[in-house]
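# Descriptive analysis of the structure
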2 protein chains.
Amino acid sequence: MSEPKSDPKKLFAALFEPKRIALIGASADPAKTTSRPQRFLRKHRFTGEILPVNPSRSEILGEMAYKDLASIPGEIDHAYILLNGAAAVAALAECAKRGVKVASILAGGFADAGAAGASLQDDLARVVAETGIRLVGPNSIGTVSTNPPVALTANAAFAVDKLRSGTWALVSQSGSLIGAMLSRADARGIGFSRLISVGNEVDLAVGEIADLLVDDPRTDAILLFMETLRDGERLARAARRAHAAGKPVIAYKLGRSSIGQELAKSHTGAIAGSDATFDAFCRRHGIARVSMFESLIDVPALLVDRPPATGKRVAVATTTGGGAAMVVDNMAMAGLDIAGPPQALVDWLKPLGIAAGEGKLVDLTLAGAKPEIVAGTIERLLADDGNDAVIFVVGSSAQFNPELAVEPLLRFARTPKPFAVSLTPTAEKSLALLTASGVPAFRHPESCSEAMALCLLRPVPQPLPAVAEPSRASLDALEAGRVNGFDERRAADLFAALGVPMAKSLAIPDAKRVVAAVAEVGAPVVLKILSADIAHKTEAGGVALGLMDGQSAAVAAREIERRVKAHSPDATLDGFLIQKMERGLAEVILGFRRDPLVGPTITVGLGGVLAEIYKDASTRLAPVDAAEAREMIGEVKGLATVRGYRNLPKGDVAALARTIAAFSTLAHKEFADVSEAEINPLLVKHDGEGVVAVDGLVVLR
Amino acid sequence: MSEPKSDPKKLFAALFEPKRIALIGASADPAKTTSRPQRFLRKHRFTGEILPVNPSRSEILGEMAYKDLASIPGEIDHAYILLNGAAAVAALAECAKRGVKVASILAGGFADAGAAGASLQDDLARVVAETGIRLVGPNSIGTVSTNPPVALTANAAFAVDKLRSGTWALVSQSGSLIGAMLSRADARGIGFSRLISVGNEVDLAVGEIADLLVDDPRTDAILLFMETLRDGERLARAARRAHAAGKPVIAYKLGRSSIGQELAKSHTGAIAGSDATFDAFCRRHGIARVSMFESLIDVPALLVDRPPATGKRVAVATTTGGGAAMVVDNMAMAGLDIAGPPQALVDWLKPLGIAAGEGKLVDLTLAGAKPEIVAGTIERLLADDGNDAVIFVVGSSAQFNPELAVEPLLRFARTPKPFAVSLTPTAEKSLALLTASGVPAFRHPESCSEAMALCLLRPVPQPLPAVAEPSRASLDALEAGRVNGFDERRAADLFAALGVPMAKSLAIPDAKRVVAAVAEVGAPVVLKILSADIAHKTEAGGVALGLMDGQSAAVAAREIERRVKAHSPDATLDGFLIQKMERGLAEVILGFRRDPLVGPTITVGLGGVLAEIYKDASTRLAPVDAAEAREMIGEVKGLATVRGYRNLPKGDVAALARTIAAFSTLAHKEFADVSEAEINPLLVKHDGEGVVAVDGLVVLR
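Since this is a predicted model, take the numbers as computed values, not measurements.

### Examining the overall build of chain A
Helix and strand counts for chain A stand at 26 helices and 30 strands. Taken along the three principal axes of its C-alpha coordinates, chain A extends 95 × 80 × 35 Å. Across the 701 residues of chain A, 58% fall into the buried class. Sequence-distant contacts in chain A: of pairs separated by 6 or more residues, those separated by 24 or more amount to 72%. For chain A, the accessible area works out to roughly 26,600 Å², and carbon and sulfur atoms hold 52% of it.

Structure representation (structure tokens):
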């Protein structure tokens, strides 16, 4: 993975804790957005120097103003450029010349606004590349730290009187969401350590910034609001380092629907990848992806400083049966199991008149909210090896007697085993008390369940599989395809060289050699036209199946020739492929693709029209090793048919896993110009009899 | 559908607007739950008479107390029984004797608490059946009206100082949820007309109560919190009448997961039905089912007084691109389409410096929150025929300048076209202002999307298909199965009589007649053993496929006999079924089942192991007509293969629909003892060639 291009410590300081800040294009008119950074810096007690730059004024909002950047004496840590378009580009060049360490640009109207803007953005990229200045934006609403306070932002949400500090950092590709998150967290009594709007990410992007935050002693969780992914490698590195440091990385990403993907594209000028590949990315690198917006605030409390879970069994106690049932229902849908109470708890509750143990819930309704019973129950659940986490679901008491309802729960803050509280009524005071004490507490049964599922099921970074150096044979096969085009035979040669078992076949230049070829391959055979010009052989009439001897194959070859010539008169025909006809228990499709956002991916799906309809496939970052390939096989529902289902014969799942792993080595950089490859079908035979690929294609960039 | 057993007007008055209320077992000790009804009634200004009954006191909390019910002079509208167990049963009998119109029982410990409780509950049911008294509960935390105020409840949540009145009624099978809903709604500035906890529903259940509320002039939406369904027919009737009256019925139901279903069962002593059948119930009768708890409060505003939607295209304008993108992403996942702005709006915005029309969102960020631009935009979107609803997504302005941000939106309250506001930051004041003015407003992008999806896609009650009277032949076939047991042949006779095309077949008493039978049916044939004692013929070795002539069939028959006798030595063998071997484009499974909650259902699924793995099926209440059967076919993803997919040949979908409808007539009451029936497989042939059923079974109750 690539190394940072600036000294990270210095970059971090200039970005988040600058001492001297230039505001280029600052305004004295409070009605203007460009006056905000100066006002917000002061309002939230920035202790460094503010250096407004405005050619037409000598003073702005009580601060001495400079006519240009050059007139400012001394070092400048961070310059916020508040000019538009070409003026912003010029200012960035000025900053670079002046030795400013980091510049941010507020204005949009670059790649987010069509072709003209994209060209302006290219100008920015050129300045960055040529000078080495680091840039946030354009289209960045600002960068904020709470301690020491640096409210370098034009976001109206920072008009709040008090900026609450905290230990979670927020990195957002949407500027307006910074404000929304600030207000939502504040309403919950939660503050942030840093908030940064990365805008169009010409230079500094989510990954590098997250990477900086891993080393920030004031940050213990990194929250991401994402519309796209521009520096996947850096984000991967950040997520892995964050995991090692015990800091969760939690992402909300738009584009789960195809309409949402379109929107992200048009809104940010970014390329949209598929949602499944982003999931694969999160899984590989240990990023917790949330599906509800509010979860970005709800989830971190349950993840910070938490080693990987031991299992997925959650014990639930409650003073509201209906409320707890909602939490249980949602948790079960999220894939968690519910653990019943241990005998020790059943025995302890019995003399108190509470019958536990019949169902899985421990319902204390009859005990009201008696603090000692609630505390004793939670204590015994936490001590039980039969569960991996505990949730207490509170009813009306949380609303009317917050101190009383919450008091017995506070002692369970920061327990080694995950413990969370779900509030059934609106009970803002209880929520605030719990949050302030460090007890993860939730407003909605859905968000409580999502948080607990992420806590217990969230991925940890997977070791990156070593990719063996490509064999000479595979490089030769690639070269042959580059030179002559990848027809089916050359694709098969490449796959075979990678280690994919291919159906026995023979290429012949013309129909005259069919009989001899059938004798060599062995009937029954399949006959296919060979042509790099014909992508869909079947539709061109270029395939004949189930030929039982040389004679009928010869007849078929002549018919194929006639049909193909009629269908594609301009195609160059390179002869025929005679292939041993194979049968399997199941047909699998393997797909390799270089995704524009996350890089090489591998997809395993069931072949056939039904699987296509059901979109039944598993996607991972490539390469995968055989162990991960096995996990993928386990995720393709339809492959249950070969994993051992009812009376069906088992397929050779081990060989399938090995083959997936071998195919995924296309991720090696030597194959960088292979943008897509597919094997369809790969036949899975009886256990012990292997797999065999029958057809495939390779697409070069 | 069944008719109400009491005069609904009188029942309604006694239940929700009683003038004289007896509190049996009332306590003067404010620490006791049994003191609450009296305190809450007074606190919330009940203007009628409270009649506490307590043998050991002459006065309770300032009210004259009676030693028993008999001592109370005059009529009693409603008695709340605050005693436990057998004492509660006795009190109910007293109430009946005394002519009390409605009694409610607070105590749990009946069917919700195992066998002993169930027997006590039977005693309650007996009193109800014998005397005709109407009962709420047991396990009812109370019945509340806000206007006129009647807080007849023991729910601690009613300790609030002021009971907000409103026009939505809540009927809940969970008592504690009443309190949670009260607090959640109150925090949003929303009140209820009525709230009732129905408990174990020995007598009055959700359906009958909802039916009463349809005629309540103070109620315009009926919200249900459900754990089970005990009076489906009554609820169906209520939902249909509510729809006709323009009052939406909105349900949250537990048990979407199987663990949740288990829990509902153990928690309420109720039978659990499948979740898909409850969905089918809601769809048939026009109930809007929500998946998020908070949606029960969020959704009604968008549904009240709203005729069925014209389409599913939503236009979105915003001052926060990121916030709007979340709403769009969630709406798209919920099945809605996004409509771009009309040219008139694009043209109007252009001179204002706002470029709309490139993407589908109308992003007014550059215009800030200028009221006239916001209002002008919404106006033009509402006037556009290119969309069916409009959403405005508000950013930080909602938080800092609620009056300003909300002012231009208020005029769009109660527009004929649905209009909603989604708030991206926490902005409680804006939310309250919008809610008070009648503009549906949402805190979360997820709930806004769920509400809009329900608004535009919610089901309207479907006409109940007329079920033709069963033919003589079908009744005879049923009777034959009743008398002799339903082997495959008798099942086939019944299905054929219903109108299901069955594969040509002939039953013969022994192997000697095989050759002649094959000649009559026509090869190729399938040979199957006939025995009502053998459920799984294939596993018993009782089936031979693809027999090409009489000779091989005769051999196969002897082998079958030998295998079956070895496998099931005690089974009575009734000979063989010789069946024409049929082929089709697709195999379908039809299932008929009498669901314990919703009654007769019909399920259509794809046959084969893959479809089983994918759980690809559509369920409806039975009977269905051919039109609804077509909808079902459209919902089975795998049936795309016969609906016209790629190059695949089309199947006879019309014949399939007719056959589904014919099979679903098993719902007729004449077949009431058929608890389950299945056809597997039903082969779908080429378009125009029909369908044919190959195998089936009937299970009698």
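Moving on, there is more to tell.
### Details of the relation of the copies chain A and chain B
Of the two same-sequence chains, chain A is brought onto chain B (RMSD 0.1 Å, axial shift 0.0 Å) by a rotation of 180°. Accordingly, the operation relating the two chain copies is best matched by a two-fold axis. Looking at the interface residues of chain A, 100% of them are also at the interface in chain B, so both copies use one shared face.

### Regarding the nonpolar core
Of all hydrophobic cores here, the largest spans 91 residues; its most connected members are Phe495, Ile660 and Phe663 of chain A together with Phe495, Ile660 and Phe663 of chain B. Aside from chain neighbours lying at most four places away, what touches Phe663 of chain B is Phe495, Leu498, Val500, Leu590, Gly591, Phe592, Ile602, Ala677, Glu678 and Ile679 of chain B.

### What to know about the sheet that holds strand E9 (residues 149-153) of chain A
Residue and element names in this part refer to chain A. The strand order across the open sheet formed by 7 strands is E9-E8-E11-E10-E12-E13-E14, and the pairing between neighbours is mixed. Only two strands of the sheet have a single partner each, and these edge strands are E9 and strand E14 (288-290). Across the sheet, the mean angle separating the axes of adjacent strands is 20° when strand polarity is ignored. Two strands pair when backbone bridges link them, and strand E12 (residues 221-226) and strand E13 (residues 249-253) are joined in this way by 5 bridges, in the parallel orientation. Note on E13: the bridge partner recorded for Phe225 is Tyr252. Across the sheet, helix H5 (residues 175-187) is in contact with strand E10 (165-172), strand E11 (192-197) and E12; its angle to E11 comes to roughly 160°.

### Considering the packing of helix H7 (residues 232-244) of chain B against helix H9 (residues 275-285) of chain B
One can describe the packing of H7 of chain B onto H9 of chain B by two numbers: an axis separation of 9 Å at closest approach and a directional angle of 35°. Residues Gly232, Leu235, Ala236, Ala239 and Arg240 of chain B of H7 of chain B lie in contact with H9 of chain B, whose contacting residues are Phe281, Arg284 and His285 of chain B.

### Here we look at the interface of chain A and chain B
The partner chain B presents 72 residues to the 71 residues of chain A that form the contact. Buried area between chain A and chain B, summed over both chains or domains, comes out near 5,500 Å², and the portion from carbon and sulfur atoms is 65%. Scanning the region where chain A abuts chain B turns up 2 salt bridges. Seen at the junction of chain A and chain B, the total is 27 residue pairs in polar contact (both at pLDDT 80 or more). The biggest single contributor to the side of chain A that touches chain B is helix H12 (residues 321-333) of chain A, with 10 residues. Looking at the side of chain A that touches chain B, its residues break down into 35 nonpolar, 24 polar and 12 charged.

### Brief notes about the pattern of salt bridges
When the charged atoms of two side chains with opposite charge come close together, those side chains can pair. All names here are of chain A. In total, this model carries 86 salt bridges over all chains according to the counting rule given. The partner of Lys97 in a salt bridge is Glu94, and the shortest N-O contact between them spans 3.7 Å. Placement of both Lys97 and Glu94 in helix H3 (residues 85-98) is noted, with a separation of 3 residues, approximately one turn of the helix. Residue Glu94 is classed as partly exposed on the basis of its relative accessible area, which comes to 33%. Salt bridges here are not isolated pairs; linked through shared partners, they connect Arg134, Asp203, Glu208, Asp211, Asp215, Arg234, Arg237 and Arg241.

### Concerning the sheet that holds strand E1 (residues 20-24) of chain B
All names here are of chain B. Read from one edge of the open sheet, 5 strands run E2-E1-E5-E6-E7, paired in parallel fashion. Of all the strands in the sheet, just strand E2 (49-53) and strand E7 (134-136) have a single pairing partner and so form its edges. Across this sheet, the average inter-strand angle for adjacent strands is 20°, counted without regard to direction. Taken strand by strand, helix H1 (residues 8-16) contacts strand E5 (78-81), strand E6 (102-105) and E7, and its axis lies near 40° from that of E6.

What counts and how
- Residues numbered from 1 in each chain as written.
- Chains lettered and ligands numbered in written order.
- Predicted model: local features only at pLDDT ≥ 70, side-chain atom pairs only at ≥ 80, totals over all residues.
- Heavy atoms only, no water.
- Helix = DSSP H or I, 4+ residues; strand = E, 2+ residues; numbered from the N terminus.
- Buried < 20%, exposed > 50% of the residue type's maximum accessible area, 1.4 Å probe, protein only.
- Contact = heavy atoms within 4.5 Å.
- Areas by Shrake-Rupley, 256 points an atom, 1.4 Å probe, with all protein chains shown as cover.
- Least-squares fit on C-alpha atoms with pLDDT ≥ 70 in both.
- Core = buried A, V, L, I, M, F, W, Y, C linked by side-chain atoms within 4.5 Å.
- Pairing = 2+ DSSP bridges.
- Axes fitted to C-alpha atoms, helices over the stretch in contact; angles between N-to-C directions.
- Buried area = accessible area lost by both parts, 1.4 Å probe.
- Salt bridge = Lys/Arg side-chain N within 4 Å of Asp/Glu carboxyl O.
- Polar contact = N/O pair within 3.5 Å; in protein donor to acceptor, adjacent residues only side chain to side chain.
- Nonpolar A, V, L, I, M, F, W, Y, C, P; charged D, E, K, R; others polar.

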